[in-house]
Amino acid sequence: MADSVELPDMEKDLDFATLAIAHRVLTREQLEEAERTINREAEAGKPRRPVEDVLLEKGVLKSDQVWAVYKAKERLIRDARARGQRIGGYEIMGKLGEGGLGVVYKARQLSMGRIVALKVLHERWVTDDEFRKRFLVEARLVGRLSHPNLIQVIDVGRYKSTLYFSMEFVDGEAVDAILDREGRMDLQSTVSIAIQVASALEYLHQRRIVHRDVKPGNIMVTKGGIAKLGDFGFVKSSLESVLSTEGEVLGTPDYISPEAARGEKNLDFRSDLYSLGTTLYHMLTGNPPFGGSVSDVMDQHIKSEPKSISSITKDLPPKMIEVVEKLMKKRPADRYQNFSELLNDLDEVRRAAKSPVVSTGMPSASVATMARSSGPADSSLAKSVAPLKTSLYVVGGLLVVAVAVIIYLLVFKQG
C-alpha cells in the first residue's frame, strides 16, 4: 500500500482519488493505471469517465468501498464548513463524534484559550420539549459531578436556538477504538480500566445516579493510562423528574442490561454493573457477548447465556472470569450488591497479575483495600527492623561502659 497523504482542507481539493488513497483503499499505482485508461479512452474520442467508475469496472474497488469514500467526503465537507464557526464563546475546530442527543466538536474556549469538547443538541431535537429537557437535565446533572475518572463538564449554555455544554478535552483514545485496532486487551490494562470505571460508578451511585450507557465507546483512556467515563446521554437521577416512560429502551444494545432491555423504569446501579461486565467481556475476548440484529441482541441479553470466556481464551485467571460472570448475571440480585465487594475482587486480580496500583484519587473502600494490601510487606519490614534496633541498644550500652572505665582509670592514675 502507498503511504497515506494528509487530508486536504479545501473543499475543492476533496477529489475521490485523494481521499481513497488517504483511507488506504487505493494505491498510487492503481490510480495511475486507471488514469492511463481514462487518457486512452479520451484519445479515442470517448468522454472522460470518473476515476471511480474505471476502478469499479476493473475490480480494483468494490461498490461499498466507493460508497465509504463518498461518505468520508461528505463528512469532511461538513467539518470544513463548521470549522471556524462560533457557538457562544467557542470556536469550532472539528467534529469528534455524534451520539443520540447531539454532536460533539473539538472547540476552543475563547475566554480561556483552552481546547474543550463541545456537545451541541441535534437540530431535530431543539424544538422538541421532551428532548430539550433531557439535554438540560444531563448538562446540569453532570456539571455538578467531580471525579478523576469522569469527564468533567465545564460550561452549559444556550446560543440562539442552540443548546450546548462544554467538557474537558481528553487527549487519548476510546476503548472501542483500541479494540478495533488490537482485537482484545491484555489483562492488566483491562483490570486497570475496570477499577477506575467502577470507582466512577461508585461515585455516581453515592449520588443516586444511574449512567445507563456504560460501553467501550464511552470510556476514554488518556496517554497516561487514566480511564474517564463520559457521555451521560442516558443518565437518570432519582433526584430529577424522570423523562423516560415505561417500555422505552435507553442504552446501547450490545451492552444493555436485561432489565433495561425489557424497558423497565426503575433501574439502579446494578444495571450499570451488568453493562460494565459486558464491556469487560468484550475487552477480554475481542467481541461483545451477543451478536445479531438489535432485537436479537436485546432478546439474548434477557434470555441467553453468552459463550463462556474460558472457551474463547485460555490465558485468563479464574478469578477474573468469575468477576465478569458475576457482573453479567441475569438477575440484579445475583450480581454484586455493593462496590466494595467488586473493587476488592478486582484488586485481588490486579495483585495476582502484578499490575500497577490504580490511583482513583477518591476516598473509597477500594482505595482502602489497596492500602491494606501493603500490610504484609509493612509487617515484614517491621520484623526486619526490630533486630536492628536491639543491636543498636547493645552497642550503645557497651559504649557507655567503655567510657565509664576510661574515666575511672584516669581518676585512679591521678590518685
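Fair warning: this is a prediction, and the values are worked out from it, not measured in the lab. (Residues numbered from 1 in each chain as written. Predicted model: local features only at pLDDT ≥ 70, side-chain atom pairs only at ≥ 80, totals over all residues. Heavy atoms only, no water.)

K.L.:
Any chance you could explain the overall build of the chain here in plain terms?
P.N.:
For the chain, the count of helices and strands is 16 helices and 11 strands. Put simply, the chain has 415 residues, and 43% of those count as buried. Expressed as a percentage of contacts within the chain between residues at least 6 apart in sequence, the contacts between residues at least 24 apart total 59%. With an accessible surface of roughly 22,000 Å², the chain has 54% of that area assigned to carbon and sulfur atoms. (Helix = DSSP H or I, 4+ residues; strand = E, 2+ residues; numbered from the N terminus. Buried < 20%, exposed > 50% of the residue type's maximum accessible area, 1.4 Å probe, protein only. Contact = heavy atoms within 4.5 Å. Areas by Shrake-Rupley, 256 points an atom, 1.4 Å probe, with all protein chains shown as cover.)

K.L.:
Can you help me understand the packing of helix H8 (residues 187-206) against helix H10 (residues 269-285) in this one?
P.N.:
Between H8 and H10, the shortest axis-to-axis distance is 11 Å and the interhelical angle comes to 165°. On the basis of the axis angle, H8 is roughly antiparallel to H10. The handedness of the crossing between H8 and H10 comes out as right-handed. Along the contact surface, H8 presents Thr190, Ile193, Ala194, Val197, Ala198, Leu201 and His205, while H10 presents Phe269, Asp272, Leu276, Leu280, Met283 and Leu284. (Axes fitted to C-alpha atoms, helices over the stretch in contact; angles between N-to-C directions. Parallel < 35°, antiparallel > 145°, perpendicular 65-115°, else oblique. Left-handed = near helix turned anticlockwise from the far one by under 90°.)

K.L.:
Before we go on, may I ask you to explain the packing of aromatic side chains in this structure?
P.N.:
In this description, an aromatic ring pair is defined by two values, namely the gap between the centres and the angle between the planes. For the structure shown, the criterion picks out 3 aromatic pairs. Ring geometry for Tyr90 and Tyr164: centres 5.7 Å apart, planes at 70°, overall edge-to-face. Here Tyr90 is found in strand E2 (residues 90-98), whereas its partner Tyr164 is found in strand E6 (residues 162-168), with 74 residues between them in sequence. The exposure classification of Tyr90 matches that of Tyr164, with both residues buried. A centroid spacing of 5.3 Å and a plane angle of 40° characterise the contact between Phe269 and Phe339, whose relative ring orientation is tilted. (Phe/Tyr/Trp six-rings, centres within 6.5 Å; stacked < 30°, edge-to-face > 60°.)

K.L.:
What exactly am I supposed to notice about the sheet that holds strand E1 (residues 86-87) here?
P.N.:
Adjacent strands of a sheet form backbone hydrogen bonds with each other and so pair up, either parallel or antiparallel. One open sheet accounts for 6 strands, arranged E1-E2-E3-E4-E6-E5; its pairing is antiparallel. Looking at strand neighbours, the two that pair on one side only are E1 and strand E5 (153-159), the edges of this open sheet. (Pairing = 2+ DSSP bridges.)

K.L.:
Is there a simple way to think about the sheet that holds strand E10 (residues 227-229) in this case?
P.N.:
Taken in spatial order, the 3 strands of this open sheet run E7-E9-E10, and their pairing is antiparallel. On the outer flanks of this sheet lie strand E7 (172-174) and E10, each paired with one strand and no other. The mean inter-strand angle of the sheet, taken between neighbouring strand axes irrespective of direction, is 25°. As paired strands, strand E9 (residues 219-222) and E10 are joined by 3 bridges and run antiparallel to one another. Bridge assignment links Val221 to a residue of E10, and that residue is Ala227. Contacts from helix H7 (residues 175-182) reach E7 and E9, with the element oriented near 80° to E7. Each of E9 and E10 touches H8; the most contacted strand, E10, lies at about 35° to it.

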